[in-house]
Amino acid sequence: MLDLIIKGGTVVTPAGVGTSDVGVQGEKIVMVSAPGAITVEAQKTIDATGKIVVPGGIEAHAHVGHPGAGGPGAAGVNAGVTEQSRGALWGGTTTVVDFTPSPDEGEVLKAVYAYMEDWKGKAFTDYNTHVTYRGTSTVMAIDQIKDLIADGFASIKIFTTSVRPPTPDRPTNRTDMGRLAAVMTECAKHGGIVAVHSEDDDIVQYNYARAKERGWLDWWNMHLVHSNLSEDLSFRRVTRVAEKTGGAMYFVHTSAKEGVNAIAEARSKGLPVYGETLNTYCSFNADNYKEPDGMKYHTYPSLKFEDDRLRLWDGLLHGDMTFMATDSIATTYANKIVGRSVLDVQGGNIGIEIRMGITYKEGVIDKGMSLERYVDITSTNVAKVLGFYPQKGAIAAGSDADITIIDPSIKKRLAMSDLHVQDYSSWEKHQIEGWPSTVILRGHVMIEDRKLVGRRPIGQLARRKIDPLVLKRPMC
Ligand SMILES: [Zn+2]
C-alpha cells in the first residue's frame, strides 16, 4: 500500500519528460513508472492528467529573517517566516534558503542555529541558510567555515561592495579581496561554495559621487550607478580569485550581459563558476524605472538595459546561467517606494511566490524553454549547486516527495488576490499561463487544486552537502 500516487501527468524526471505515475511512501518518492504500471493500491490518488509534474521549487535567495527593510523614516517591515514560506509554497516552492549574518566573534555555528530558531515550527517549506561574512569578519570567524559546512550550511555569502555609500548608522558590508580569498580557500578545502554579490566598489562609489555632483539623484538613474562596467570588472576579478584559490562560487543576482559573458568565459575554462539571476531582471529593464513609483522594480545591483535582459534569458536557455532566484524581501508597498533617490531606494522585492509561475510563463510559454531546462533552473541546479541534490531537486525514487503540479490551463491576469504575501507585487496584472495548482512537501499534500489543505507548518531544516564534482568544474 502506497500513501500517494500521482497519475497520468507529464512528469519531468532526470531521465527526461514523459507521461508517468509517481508513487510516494511516507516522505519519499518510491517509484516513477510507466502509466498504469503501479499496481499497488494507494491511500490517495491525484489525477494529474493534462498537468505538468515537476520537483518542488528551490528558492536560493530570500531574505526571510531580514530584520526589516526599513527605508528612510519607515519602520522595518518583515512579513515573517510563516507568511513568506506559505507564499513560497502557494507558488510551488518547497525549499527556501535564507541568509544569516556571521558574527565576528564567538561561535558562528551557534549564531546560525540561533538565527534559524525563527524558522522552527513556523515554516511551510523546508529551509536552510547561507552565512554572510563581512568586511569586519575576523580570521577566527573565517576559520570556523569548516564547522558550518560540516553541519550542512555549505554556502558563504559575501559582498564586494558596500552597495550604497556607507553612513554611520549603515556601516559597510563590503568584504575586501583578502577576506574573499581566505573564504574561498576555506570553502575549497572543506566542500563549501561562495555566493558573491559582485560589484566593483570603486566604480559604484565614484558613480554615486558623480550622481551627487551632477544632480542625478532620481531613482531611475540606478543603472548608471550600479553599472554594467561595475559588473564586468568585479565578476572578472572575483573569478580570478576563484581560479587562484580553487574555490567554487556563484554570482548572485547577475544583472548585465557583461556578467553573463564573464561567467561563460570562466566556465569555458572549466572553472566551477555558476550564475544566479532574478525574475525581476528577466521581466523588466531600466525603462521600467521611469514609471510612476518605478523604484518598485528595483533590486540591487539594478535593472539594466533590454539587451542585458535578453542576454540573461539567453544564458538561462542555453546554459551560461544556472538558476533563477528572486532576492525576496517582504516590505509593504509604502515601505518599498519610500526611498526615491539612488541613495536610498529599497532593495529586494516580494518575489518568493511568483518565481515558478512567472518563469514558466516567460521561459516555457514565451521563449520555448524545454521543461527539462525549466526544472533545471528552478529546482535541480539550485539543489546541485547548494548541496540539496539528490534529496531534493529530482522526481526520482529515493528523493524527498517535494512535488509541484503545474496546471497549464490557468490563464489569467495575475491579481493580488491570487497572491499570499501582501501587499504588492511587481507582477500584478501580468498575464500568466500555467501556474502551480498542487504542491506536496515531503509527501504531505499542502496545496491541492489551489486550496491550502496542509494547515500545519511542517517545514524542516534540510542540511546540505555539495557533490565534490560540482565544486571542481561546471556541472550544471
Ligand atoms: Zn539579496
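Rules of the game
- Along each chain, the written sequence defines residue order, and numbers are assigned to residues from 1.
- Confidence filtering applies because this is a predicted model: local features only for residues at pLDDT of at least 70, side-chain atom pairs given and counted only at 80 or more, and all residues used for totals across whole chains, interfaces and linings.
- Neither water nor hydrogens contribute to the side-chain values; these are computed over all heavy atoms in the structure.
- What counts as a helix is a DSSP run of H or I of at least four residues, what counts as a strand is a run of E of at least two, and both are numbered from the N terminus.
- For the radius of gyration, the atoms used are the C-alpha atoms, and the globule rule reads 2.2 Å times the number of residues raised to 0.38.
- Whether a residue is buried, partly exposed or exposed follows from its accessible area with a 1.4 Å probe, protein chains only, as a fraction of its type maximum: under 20%, in between, or over 50%, in that order.
- Only nitrogen, oxygen and sulfur atoms count as donors, using a 2.8 Å cut-off from the metal that widens to 3.2 Å for Na, K and Ca. Water is left out, so coordination shells may look unfilled.
- Domain start and end points were adopted from an automatic or database domain assignment.
- The contact criterion used throughout is that any non-hydrogen atoms of two residues lie within 4.5 Å.
- Accessible surface is computed with a 1.4 Å probe, and the buried area is the amount of it that two parts give up when combined, taken over both parts together.
- For a helix, the expected span equals 1.5 Å multiplied by the residue count minus one.
- By arc we mean the arc of the directions from the helix axis to the C-beta atoms, nothing more.
- For the purposes of this analysis, a disulfide is any pair of cysteine sulfur atoms at a distance within 2.5 Å.

**Describing the overall build of the chain**
For step 1, the next point in the chain: Counting its secondary structure elements, the chain contains 14 helices and 17 strands.
For step 2, the next point in the chain: Scaling as 2.2 N^0.38, a compact globule of 476 residues should have a C-alpha radius of gyration of about 23 Å, and the chain matches this with 21 Å.
For step 3, the next point in the chain: In terms of principal-axis extent, the alpha carbons of the chain reach across some 70 × 50 × 40 Å.
For step 4, the next point in the chain: Here the chain holds 476 residues, and the buried ones make up 61% of them.

**Focus on the coordination of the zinc ion**
For step 1, the next point in the chain: Distances from the zinc ion to its protein donors, His 61 (NE2), His 63 (NE2) and Asp 327 (OD), fall at 2.0 to 2.3 Å.
For step 2, the next point in the chain: We note that the donor set of the zinc ion lies within a single chain, spaced as H-x1-H-x263-D. In this pair, His 61 sits in the loop between β6 (57-59) and α1 (80-90) while Asp 327 sits in the loop between β13 (323-325) and α12 (333-336), placing the two residues 266 residues apart along the sequence. Like Asp 327, His 61 is buried.

**What to know about the domain arrangement of the chain**
For step 1, the next point in the chain: When its domains are assigned, the chain resolves into domain 1 (2-55 + 395-452) and domain 2 (57-386).
For step 2, the next point in the chain: Just the C-alpha atoms count here: the centres of domain 1 and domain 2 sit 28 Å apart.
For step 3, the next point in the chain: Taken together, the contact pairs 39 residues of domain 1 with 45 residues of domain 2.
For step 4, the next point in the chain: Taking both partners together, domain 1 and domain 2 bury about 3500 Å²; carbon and sulfur atoms supply 69% of that area.

**As for helix α8 (residues 228-245)**
For step 1, the next point in the chain: Between its first and last C-alpha, α8 extends 26 Å over 18 residues, near the 26 Å set by a 1.5 Å rise per residue.
For step 2, the next point in the chain: Looking only at α8, the buried set comprises Asn 228, Ser 230, Glu 231, Ser 234, Phe 235, Val 238, Thr 239, Val 241 and Ala 242. The arc enclosing the buried residues of α8, seen along the axis, measures out at 155°, which places them on a common side.
For step 3, the next point in the chain: Gly 246 sits one or two positions beyond α8 and adopts a positive phi of about 75°.

**Quick notes on the side chain of Ser 379**
For step 1, the next point in the chain: With respect to the helices and strands, the residue Ser 379 is situated in helix α14 (residues 371-386).
For step 2, the next point in the chain: Those residues in contact with Ser 379 that lie beyond four places of it in its chain are Pro 55, Gly 56, Gly 57, Ile 58 and Gly 393.

**Regarding the state of the cysteines**
For step 1, the next point in the chain: For the structure on display, the rule yields zero disulfides.
For step 2, the next point in the chain: Counting only cysteine sulfurs, Cys 476 is the nearest neighbor of Cys 187, a cysteine outside any disulfide, at a range of 17 Å.
For step 3, the next point in the chain: Overall, Cys 187 belongs to the buried group, its relative accessible area being 1%.
For step 4, the next point in the chain: Under the relative-accessibility criterion, Cys 476 is labelled buried at 14%.

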